[in-house]
Amino acid sequence: MARQPKKKGISDDRLFTLDVLITGGPMTDEFAKNNPTISRTIQILGGQTLEHLHKVIFTAFDREDPHMYEFQIGGKGPTDPKATRYVMPVAMDEPYTRTPPAGTVTRTPIGSLELKAGDRFSYWFDFGDDWWHQINVVAIDDEAPRGRYPKVTKRVGESPPQYVDWEEEEG
């Protein structure tokens, strides 16, 4: 059984295993049909931040262009105004039409989020194209085997192109 989350600023060597699924974004019908599930399993240490998680997701789905992103914890799914939001530092000064952010991705360790196995949360990448991801907490182990983290341990489905050439797809 996993121990209680550690306080911010204290080393946290717990190993979080997360399944990250693409649940929405600009994909052609043919791509979606050929890839009904698009997911990556990621392992990350509790002391690593949401920014570390973003970077491994970005790489795992073969993204090329950086864009704004945020994580939403709690709530009933993406865009739930009751979700707790963690944003890029530059977004802390933006005017808010929703709940103000709880913190920045650069200063929020995974282990501080009080997650438990079975929880899920959202990752929103590129506020124009709206790539939505659901992140499922598969397991939390008290310690990690030696190695480099975060890392991708499983890939299901092809990575969709970050930008679809809609004219090419129609022709």
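Quick summary incoming for the structure in this document. (Residues numbered from 1 in each chain as written. Predicted model: local features only at pLDDT ≥ 70, side-chain atom pairs only at ≥ 80, totals over all residues. Heavy atoms only, no water.)

### Topic: the pairing of strand 7 (residues 131-141)
In the case of a regular strand, side chains alternate between the two sheet surfaces. The condition is simple: Two strands pair under a simple rule: DSSP has to find at least two bridges between them. Secondary structure counts use DSSP, requiring at least four H or I residues in a row for a helix and at least two E residues in a row for a strand, with both numbered from the N terminus.
Direction of pairing for strand 1 (residues 15-24) relative to strand 7: antiparallel, over a ladder of nine bridges. Counterpart to F16 in the pairing with strand 7 is I140. As judged from the six bridges shared by strand 6 (residues 120-125) and strand 7, these two strands associate in the antiparallel manner. By the bridge assignment for strand 7, W124 is matched with W132.

### Re the nonpolar core
Rules: Think of a nonpolar core as a cluster: buried Ala, Val, Leu, Ile, Met, Phe, Trp, Tyr and Cys residues, connected wherever their side-chain atoms sit within 4.5 Å. Exposed residues in this analysis have more than 50% of their type's maximum accessible area, buried residues have under 20%, and partly exposed residues fall in between, with area computed by a 1.4 Å probe over protein chains only. Contacts were defined at the residue level, with two residues in contact if any of their heavy atoms lie within 4.5 Å.
L50, L53, I57, F71, L115, F121 and I135 are the most contacted members of the largest nonpolar core, which totals 30 residues. Not counting residues within four places of it along the chain, the set of residues in contact with L53 comprises L18, I42, I44, F71, I110, F121 and I135.

### Brief notes about the environment of L45
Turning to its location among the elements, L45 is positioned in strand 2 (residues 39-45). Under the relative-accessibility criterion, L45 is labelled buried at 19%. When the C-alpha positions of L45 and D13 are compared, they lie 5.6 Å apart, and in sequence the two are 32 residues distant.

### Observations concerning the sheet that holds strand 5 (residues 103-104)
The strand order across the open sheet formed by eight strands is 5-4-3-6-7-1-2-8, and the pairing between neighbours is mixed. Across the chains shown, the open sheet's two edge strands, defined by having one partner strand only, are strand 5 and strand 8 (151-156). Pairing analysis gives four bridges linking strand 3 (residues 69-73) to strand 4 (residues 84-87), with the strands arranged antiparallel. Bridged to E70 within strand 4 is V87.

### What to know about the packing of aromatic side chains
Under the convention used in this document: Working definition: rings of Phe, Tyr and Trp (its six-membered ring) pair if their centres are within 6.5 Å, and the pair is stacked with planes under 30 degrees apart, edge-to-face with planes over 60 apart, and tilted otherwise. In this scheme, the term charge over a ring applies when either NZ of a lysine or CZ of an arginine sits within 6 Å of the ring centre and within 35 degrees of the ring normal.
One pass over the structure, following the stated rule, counts eight aromatic pairs. With 6.2 Å between their ring centres and 85° between their planes, Y69 and F71 make a pair best called edge-to-face. A relative accessible area of 4% means that Y69 is categorised as buried. Accessibility expressed as a relative area gives 0% for F71, which makes it buried. Ring plane angle 10° and centroid distance 4.8 Å describe the contact between W124 and W132, whose orientation is recorded as stacked. Grouping residues by exposure puts W124 and W132 together as buried. An aromatic cluster of three or more residues is present, and its members are F58, Y69, F71, F121, Y123 and F125. Its end group placed over the ring of W131, R63 keeps NZ or CZ at 4.3 Å from the ring centre.

### Things to note about the pattern of salt bridges
Rules: The term salt bridge refers to a side-chain nitrogen of Lys or Arg lying within 4 Å of a carboxyl oxygen of Asp or Glu.
This model, assessed by the stated rule, comprises four salt bridges. Among the salt bridges present, the one from D12 reaches R14, with a minimum N-O distance of 2.7 Å. Each member of the pair, D12 as well as R14, carries the same accessibility label: buried. A salt bridge links E70 to R85; the shortest N-O distance between them is 3.0 Å. With E70 in strand 3 and R85 in strand 4, this pair connects stretches of sequence that are 15 residues apart. R85 matches E70 in its accessibility class, with the two residues each being buried.

### Comments concerning the environment of T17
Relative to the assigned elements, T17 resides in strand 1. A relative accessible area of 11% means that T17 is categorised as buried. Remark: the alpha-carbon pair of T17 and T41, spanning 24 residues in sequence, is separated by 7.0 Å. Excluding anything up to four places from it in sequence, T17 contacts T41, I42, Q43, N136, V137, V138 and A139.

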